[in-house]
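For reference, the chains in residue letters:
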Amino acid sequence: MDLTSRTCAPCEGGIAKLTQEQIVPLAAQVPAWAISDTGKLERHLKFKDFVMAMAFVNRMADLAEGQGHHPDFAVSYSTVDVTVWTHDVGGLSENDFILAAKIE
């Protein structure tokens, strides 16, 4: 099923982080995202200027709030670095891939 058509499920703890075998097919659906050495999804985006970068951040914030799943991000003038992972499981969950796909 296409990740963008799914909705993040509330994470109430007690679930295990995804295994490498579970991550591979999900990662293939968000090829612009990289899995960091710390096991988090990361994306570096470049925009024309600060205004465009902040417009993206605001759209991303609205999307994330609607999904109940919130990324970490840093803005540096015209670039935005986004990191997605599930704090409650200490790694990646399906929600992370759903949110990454929707951020695209």
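See the structure above.
The sections below set out a description of the structure shown in this document. Because the structure is a prediction, the values reported are computed rather than measured.

Focus: the packing of aromatic side chains
Two numbers describe a pair of aromatic rings. These are the distance of the centres and the angle of the planes.
Phase 1: Under the definition given, this model contains one aromatic pair.
Phase 2: Over the face of the ring belonging to tryptophan 85 we find lysine 40, whose NZ or CZ atom lies 4.2 Å from the ring centre.

Here's the deal with the nonpolar core
Phase 1: The biggest cluster of nonpolar side chains holds 26 residues, and the ones touching the most others in it are Trp33, Phe56, Val82 and Phe97.
Phase 2: Looking at this core, the elements that each hand over two or more residues are α1 (20-27), β2 (41-46), α2 (50-67), β4 (79-84) and α3 (94-103).
Phase 3: Top element by residues in this core is α3. It accounts for six residues.
Phase 4: Residues in contact with phenylalanine 56, not counting those within four places in the same chain, are Leu45, Phe47, Val80, Val82 and Ile103.

Procedures and definitions
Residues numbered from 1 in each chain as written. Predicted model: local features only at pLDDT ≥ 70, side-chain atom pairs only at ≥ 80, totals over all residues. Heavy atoms only, no water. Phe/Tyr/Trp six-rings, centres within 6.5 Å; stacked < 30°, edge-to-face > 60°. Lys NZ or Arg CZ within 6 Å of the ring centre and 35° of its normal. Core = buried A, V, L, I, M, F, W, Y, C linked by side-chain atoms within 4.5 Å. Buried < 20%, exposed > 50% of the residue type's maximum accessible area, 1.4 Å probe, protein only. Helix = DSSP H or I, 4+ residues; strand = E, 2+ residues; numbered from the N terminus. Contact = heavy atoms within 4.5 Å.

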